[in-house]
There are 2 protein chains.
Amino acid sequence: MPTIRDVAKMAGVSVATVSRVINQSGYVNTKTRAKVLHAMKHLNYKPSTVARGLAGKKMHFIALILPDISNPFFSELARAVEDVAQQHDFTVFLCNSDNDDNKEANYIEVLKKKNVDGLIISSNTFNEKDIESFRDDKIPVVILDRSIINEGYSIVRSKNREGARLAVHHLLEHGCRKIAHISGPQKTDTGRERLYGYEDVVKLFSWYDPTLIEEGQFQIEGSDIALQNLLRRHPDIDGIFAGNDLMALGVLKELRKQGLRVPTDIAVCGFDGIMLTKLTQPTITTVAQPIYQMGAKAAKMLVQKIRGEQTGSQLFEFEVKLIEGESTQRNHCKNS
Amino acid sequence: MPTIRDVAKMAGVSVATVSRVINQSGYVNTKTRAKVLHAMKHLNYKPSTVARGLAGKKMHFIALILPDISNPFFSELARAVEDVAQQHDFTVFLCNSDNDDNKEANYIEVLKKKNVDGLIISSNTFNEKDIESFRDDKIPVVILDRSIINEGYSIVRSKNREGARLAVHHLLEHGCRKIAHISGPQKTDTGRERLYGYEDVVKLFSWYDPTLIEEGQFQIEGSDIALQNLLRRHPDIDGIFAGNDLMALGVLKELRKQGLRVPTDIAVCGFDGIMLTKLTQPTITTVAQPIYQMGAKAAKMLVQKIRGEQTGSQLFEFEVKLIEGESTQRNHCKNS
DNA sequence: TTGAAAGCGGTACCAT
DNA sequence: ATGGTACCGCTTTCAA
């Protein structure tokens, strides 16, 4: 690999001059620039990001910490972040925390050593202390799909609580008289918010009982057990609001196994709006978040912060939208 | 951020000594080491990877180039690579090529500038020239899920052609008399291999005709059109081998729309073995690849190459396995 | 066993 | 408009 000195020598100028043309900074004669450019081309010179990094420049790295890249919601988020990052010449570190606190702590450490310029975190279990350490080092952080009350962070999320209310209302409007909820992990903000939204609506009814709630892991695995528990306690439920689409998928599967028909016997509504909800039989009603846009927005905000074009914290909350599928197409009470 | 000099000063030793204890290289007195260690702890010192990189050390970066992170097959691959990388203290750059040659070329360039230590590429459309340039720089490359004949690269993949034959045989055994194929993009090796496998089997039959093949994009989108085309040309097909599971999902969806029953009217078999095939109604028969293992193996090979523990090229080919789902459970000819 | 100093490949300030 | 040069933070001879 040729270095800047090679280029300087070949062009018959100083390294300072070459640096100037690379960075388009300072004055440099048109003819000189041409010579330098030519030399760079000829040698196939590529300035080392590492060296520039050491010399005080940005490395153009951003890190993306996710709980689980194999969840379609997060892989779509990742795709969006990656797209925007590349548009702005940033490379993204993929950090799969697997909901493991240790892994995450380890990442934080590594990322600091590697001079990341910014961080997007969308993980369930992170330690606020760790994040603070970034702020102390003036490294911008954007929090995605989580809602920390704490000031000083920029946040991108969608209206989880409101979305949950939408879901439950929808089930009610479609004739459900006893609605259970398989929640996300209660250690996650989104899991809690959606549970609150569910409670907001159902607590007004006489049939409501806390045992209508079962905690899931936002994954397909385990949602079958959760459903079994619910059915055991309440054989008469006729509607289920799942905390996310993956769990709704699992529920659909398990209901089928139990010989229950959807939506005739039990209606199902999910949350997220991943594409799979459109592929099942029946298709699944879900509260859709603008996933790609959320990821893209987070990445844009981060890039702006890194460039110093925008400081301070801000909250960006996306609207959610109920997408009607077949899994709730039963006898209506109203609105039809 | 404290630097090595701060540590040296605090411990009352030279930077060289501190460096030695960090790298566990050279001689250093036990007591001295203790002092240094203490100073490092006290200052919460984290050596800068960037600086070490400049000074000739590995950055502990590997890059993963994928065509589409939102395809579950690739997100699972990514998860595996990331897991193994983290175990070995490597960070992974996520590069989503989107099947776009320009994006990919751009990545190659960026990656070289950023001193990646190794590269795993699993993209459809890459330019061999670009990859060669890595080899010229002695940067290890592992090719995942692609089959380049070219010597000099290590490759991890599974038996695509054999798998395709398995699929078609399975369809035949389950009573199919006219089997169509929705292939992957023919510019991809996997797409071609699976097509060859299909042809290997069907060309022996009198009903076979090249118009039983329709090219898809390995995505849900477009598989509906492909199916429509096939049905128009051959209304009598009773079996479909889809080049991957995503397309099988799309096919299932479209068949339903067309009022055709699976497997009664038409049997369907996919390829990959992503989890979704187990969630549909009916579940989808598929030729499963050991996805996670493939990713993990590729990452392990790459790490070994980076460490110089293993040189030269090698081929690692995984076995595939037909997983029977409901989408082919129709009247059997034999084996039942 | 420890320290001094020369890089690694750039950037940026200060002269000229 | 260009060149000289002192860093950036760490590694690694080479001496002491």
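In this text the structure is predicted, and so the values were computed from the model without any measurement.

Asks: Let's hear about the pairing of strand β8 (residues 239–242) of chain A: which residues, and what values?
Replies: Residues and elements named next belong to chain A. Along β8, one buried face is formed by G239 and F241 and the opposite face, lined by I240 and A242, is buried too. Pairing of β8 with strand β9 (residues 267–272), which is carried by 3 bridges, proceeds in the parallel orientation. Bridge pairing in β9 places I240 opposite V268. Following the backbone out of β8, through helix α11 (residues 245–257) and into the adjacent parallel β9, one traces a crossover that is right-handed.

Asks: Pulling in residues and values, what's your account of the protein's contact with DNA strand D?
Replies: What surrounds DNA strand D is a group of 27 residues, the closest being A:R20, A:N29, A:T32, B:I4 and B:Y45. When atoms of DNA strand D within 4 Å of the protein are split into backbone and base, the sugar-phosphate part holds 61%. In the environment of DNA strand D, a phosphate oxygen lies 2.5 Å from a nitrogen or oxygen atom belonging to the backbone of A:N29. In the environment of DNA strand D, a phosphate oxygen lies 2.8 Å from a nitrogen or oxygen atom belonging to the side chain of B:S19. Counting residues per element, the ones that place at least two in the surface near DNA strand D are α2 (15–23) of chain A together with α1 (4–11), α2 (15–23) and α4 (49–54) of chain B.

Asks: I'd love a proper account of the sheet that holds strand β10 (residues 285–288) of chain B, names of residues and values included.
Replies: Residues and elements named next belong to chain B. The 6 strands lie next to each other as β7-β6-β8-β9-β10-β12, forming an open sheet whose pairing is mixed. Taken across any chain shown, the strands that pair with only one partner, and hence form the sheet edges, are β7 (213–215) and β12 (321–323). Neighbour to neighbour, the strand axes of the sheet diverge by 20 degrees on average, direction disregarded. For strand β6 (residues 179–183) and β7, the ladder comprises 3 bridges, and the chain directions are parallel. For S183, the partnering residue across the bridge sits in β7 and is E215. In the packing of helix α8 (residues 160–173) onto the sheet, contacts are made with β6, β8 (239–242), β9 (267–272), β10 and β12, and the angle to β9 comes to roughly 165 degrees. Across the face of the sheet, helix α11 (residues 245–257) comes into contact with β6, β8, β9 and β10 while running at roughly 155 degrees to β9.

Asks: Can you break down the relation of the copies chain A and chain B residue by residue, with the values?
Replies: For the pair of chain copies, the relating operation is a rotation around an axis with a shift along it. Overlaying chain A with chain B gives an RMSD of 0.1 Å, the required rotation being 180 degrees about an axis along which the chain moves by 0.0 Å. What the rotation and shift describe, once combined, is the action of a two-fold rotation axis. In terms of proximity to the rotation axis, the leading residue of chain A is A:F93, whose C-alpha is 2.3 Å off the axis. Both copies contact each other with a shared surface, as 98% of the interface residues of chain A are interface residues in chain B too.

Asks: Just give me the short version of the nonpolar core, but keep the residues and values in it.
Replies: Ranked by size, the top nonpolar core spans 150 residues in total, and within it A:I120, A:Y198, B:I120 and B:Y198 carry the most contacts. Those residues in contact with B:I120 that lie beyond four places of it in its chain are B:A63, B:L64, B:I65, B:V81, B:V142, B:L144, B:A298, B:A299 and B:L302. Counting 40 residues, the second largest nonpolar core, distinct from the first, contains A:I139, A:V141, B:M59 and B:F134.

Asks: A description of the packing of α2(A) against helix α3 (residues 30–43) of chain A should follow, citing residues and the corresponding values.
Replies: Residues and elements named next belong to chain A. Their axes nearest at 10 Å, the elements α2 and α3 cross at an angle of 85 degrees. In terms of axis orientation, α2 runs roughly perpendicular to α3. Together, T17, V18, V21 and I22 of α2 and T32, R33, V36, L37 and M40 of α3 make up the contact between the two elements. When grouped by side-chain class, the residues that make up the contact of α2 with α3 number 6 nonpolar, 2 polar and 1 charged.

Asks: Please give an account of the interface of chain A and chain B that cites residues and values.
Replies: At the interface, 53 residues of chain A touch 52 residues of chain B. For the pairing of chain A and chain B, the buried interface totals around 4,800 Å² over both sides, and the portion due to carbon and sulfur atoms is 60%. In terms of surface lost to chain B, no three residues of chain A exceed A:Q86, A:K114 and A:L279, which account for 13% of the buried area on that side. Between the two partners, chain A and chain B, sit 4 salt bridges. Secondary-structure elements contributing two or more residues to the side of chain A that touches chain B are α4 (49–54), α5 (72–87), β2 (91–96), α6 (101–113) and α11 of chain A. In terms of residue class, the side of chain A that touches chain B is built from 21 nonpolar, 14 polar and 18 charged. Pairing of β2(A) with strand β2 (residues 91–96) of chain B involves 3 bridges; the strand directions are antiparallel. Across the sheet, residue A:V92 finds its bridge partner in β2(B), namely B:L94.

Asks: Outline helix α1 (residues 4–11) of chain A, listing residues and values.
Replies: Residues and elements named next belong to chain A. Of all the positions in α1, only V7, A8 and A11 are classed as buried. Each buried residue of α1 lies within a common arc of 100 degrees when the element is viewed along its axis, so the set occupies one face. Residues of α1 that are exposed and point over 90 degrees away from its buried face: R5 and K9. Elements that come into contact with the buried residues of α1 comprise α2 and α3. Its side-chain oxygen 3.1 Å from the backbone nitrogen of R5, T3 forms the N-cap of α1.

Basis of the calculations
- Residues numbered from 1 in each chain as written.
- Chains lettered and ligands numbered in written order.
- Predicted model: local features only at pLDDT ≥ 70, side-chain atom pairs only at ≥ 80, totals over all residues.
- Heavy atoms only, no water.
- Buried < 20%, exposed > 50% of the residue type's maximum accessible area, 1.4 Å probe, protein only.
- Helix = DSSP H or I, 4+ residues; strand = E, 2+ residues; numbered from the N terminus.
- Pairing = 2+ DSSP bridges.
- Right-handed = clockwise from strand over helix to strand, strands pointing away.
- Near = heavy atom within 4 Å.
- Polar contact = N/O pair within 3.5 Å; in protein donor to acceptor, adjacent residues only side chain to side chain.
- Axes fitted to C-alpha atoms, helices over the stretch in contact; angles between N-to-C directions.
- Contact = heavy atoms within 4.5 Å.
- Least-squares fit on C-alpha atoms with pLDDT ≥ 70 in both.
- Core = buried A, V, L, I, M, F, W, Y, C linked by side-chain atoms within 4.5 Å.
- Parallel < 35°, antiparallel > 145°, perpendicular 65-115°, else oblique.
- Nonpolar A, V, L, I, M, F, W, Y, C, P; charged D, E, K, R; others polar.
- Buried area = accessible area lost by both parts, 1.4 Å probe.
- Salt bridge = Lys/Arg side-chain N within 4 Å of Asp/Glu carboxyl O.
- Arc of directions from axis to C-beta.

Keep in mind these values describe shape, not function.
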